[in-house]
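# Summary of the model geometry
What follows is the residue order along each chain.
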Amino acid sequence: MIATGGTIASKETDEGLVPALSSEELLSCVPEIAAACRVDTVQPFNLDSTNIYAGHWLEIARIIEERYEAYDGFVVTHGTDTMAYTAAALSYLVQDSRKPIVLTGSQRSAYSRDTDARRNLADAFLFCADDGAYGVRVVFNGSVMLGTRAKKTRTRSFNAFSSIDFPDVAVMREGVPFYYLEGHKPTAPPRFYHALNGNVFVLKIIPGMRADVFDYLDARCDGLVIESFGTGGLPDYADGALPGRLAHFLSLGKTAALTTQVEREGSALDKYAVGRRLRACGNILEARCMTLEATVTKLMWILSFAKGEEAEKLFYTPVEHDIF
Ligand code: ASP
């Protein structure tokens, strides 16, 4: 078990909830899992996941790599706020894992009387200990989701996560997984990656967006995710400034991917003229039905070692059903 903080490990303080429980204290909430697995724990940090980013994802992946042969599976306890980013990032950093890497957390502290922590933690371990489990998964409120498809869609309810545009892998019933998707457990050794390019920026388009935002983007970022409206497009208003600046951005050898602000069903850039004309700006990638979390972390992974056509090829190569 790799404990990283989050509400699940939090205590109430005068300043609000703060992660404070040790990994052993967390584990002591679920004595029943002893019948299914033997658990060792590490706690590389104890953070509200608001403060977790690429360096922490690499550290979690390194901990897994160092211990990969010694354990049958890994449970990562994590705050819910950025769990979907960490799950997607781990899906790219540890590919083709025949062993399960299961993220979980909770909406209420393990300390609170009406907590969802005990159920989620027990489910995560019981799923992890199951013979059919492999790859990076999120276990929450009885659902098992692909790490590339999970998204936090509720801020307070126990069913905080949804699998976007893809079915759940399994449902946990009284600690037993019932699989909707069995897939093929990899047999070859997993591939570990050790770098991410943090210079990826998300530009959420709002009506009236000014093109001079590209003054900043041209100077600072290698990869840009444009979250536009509906099936996708960029406003050109009277002057065509935004598409013009996008064309300039791409001419600098940088990478841009278009996605949509709409949670489900993805982009379709060629449907409307406001989208199709972006093809003339250069080689813009299209995220289609990838989640924002997967799009961002996939670009961070790809841009740590590839550019241009190679980056494009990798972007469209599915990893754990992230794109189709
Ligand atoms: N702010 C918390 C975190 O992400 C929320 C949670 O865990 O539910 O660490």
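An account of the accompanying structure is given in this report.

Take the pattern of salt bridges next. Per the stated rule, a full pass over the model turns up 20 salt bridges. In this structure, the salt-bridge partner of E69 is R98, at a minimum N-O distance of 3.5 Å. Placement of E69 in the loop between α2 (54-67) and β4 (74-77) and of R98 in the loop between β5 (94-95) and β6 (100-104) is noted, with a sequence separation of 29 residues between them. Judged by relative accessible area, E69 falls into the exposed class, the value being 61%. Classification of R98 by relative accessible area gives partly exposed; the value is 24%. Among the ionic contacts, a cluster of salt bridges with common partners joins E59, R62, E66 and R67.

What follows is about the nonpolar core. Core analysis: the biggest nonpolar cluster contains 51 residues, and W57, I64, I101, L103, F161 and F315 have the highest contact counts within it. Elements with a minimum of two residues in this core: α2, β4, α3 (83-93), β6, β7 (135-140), α8 (292-302) and α9 (308-316). With 8 residues, α3 is the single largest residue contributor to this core. With residues up to four places along the chain from it excluded, the contact list for L103 reads V76, H78, M83, T86, A87, L90, V136, R137, V138 and V139. Counting 28 residues, the second largest nonpolar core, distinct from the first, contains L21, V30, V75 and A110.

Moving on, we get to the sheet that holds β4. Reading across from one edge, β1-β4-β6-β7-β8-β11-β12 is the order of the 7 strands in this open sheet, with mixed pairing throughout. Each edge of the sheet is formed by a strand with only one pairing partner; in this case those strands are β1 (2-3) and β12 (176-179). Across 2 bridges, β1 lies against β4 in parallel orientation. Bridging from a neighbouring strand, I2 pairs with V76 of β4.

Here we take up empty space enclosed by the protein. Scanning the entire structure with this criterion turns up 1 cavity of 30 Å³ or more. Counted as a void, the largest cavity has a volume near 30 Å³. In this structure, the largest cavity is lined by S91, V94, Q95, D96, S97, G135, V136 and E320. Listed by contribution, the elements that provide at least two residues to the lining of the largest cavity are β5 and β7. Broken down by class, the residue content of the lining of the largest cavity amounts to 2 nonpolar, 4 polar and 2 charged.

Spatial ordering of the open sheet is given by β14-β15-β16-β17, a layout of 4 strands whose pairing is parallel. Of all the strands in the sheet, just β14 (200-204) and β17 (285-286) have a single pairing partner and so form its edges. Judged from the 6 bridges that link them, strand β15 (residues 223-228) and strand β16 (residues 255-260) form a sheet pairing that is parallel. In the strand pairing of β16, E227 is matched with T259. Running over the sheet, helix α5 (residues 213-220) touches β14 and β15 and is turned about 165° from β14.

Conventions adopted
- Residues numbered from 1 in each chain as written.
- Predicted model: local features only at pLDDT ≥ 70, side-chain atom pairs only at ≥ 80, totals over all residues.
- Heavy atoms only, no water.
- Salt bridge = Lys/Arg side-chain N within 4 Å of Asp/Glu carboxyl O.
- Helix = DSSP H or I, 4+ residues; strand = E, 2+ residues; numbered from the N terminus.
- Buried < 20%, exposed > 50% of the residue type's maximum accessible area, 1.4 Å probe, protein only.
- Core = buried A, V, L, I, M, F, W, Y, C linked by side-chain atoms within 4.5 Å.
- Contact = heavy atoms within 4.5 Å.
- Pairing = 2+ DSSP bridges.
- 1 Å grid on protein atoms, 1.4 Å probe; cavity = no way out; pocket = protein on both sides within 12 Å on 5 of 7 lines; lining within 4 Å.
- Points joined across faces, edges and corners; volume = space filled by probe spheres on them.
- Nonpolar A, V, L, I, M, F, W, Y, C, P; charged D, E, K, R; others polar.
- Axes fitted to C-alpha atoms, helices over the stretch in contact; angles between N-to-C directions.

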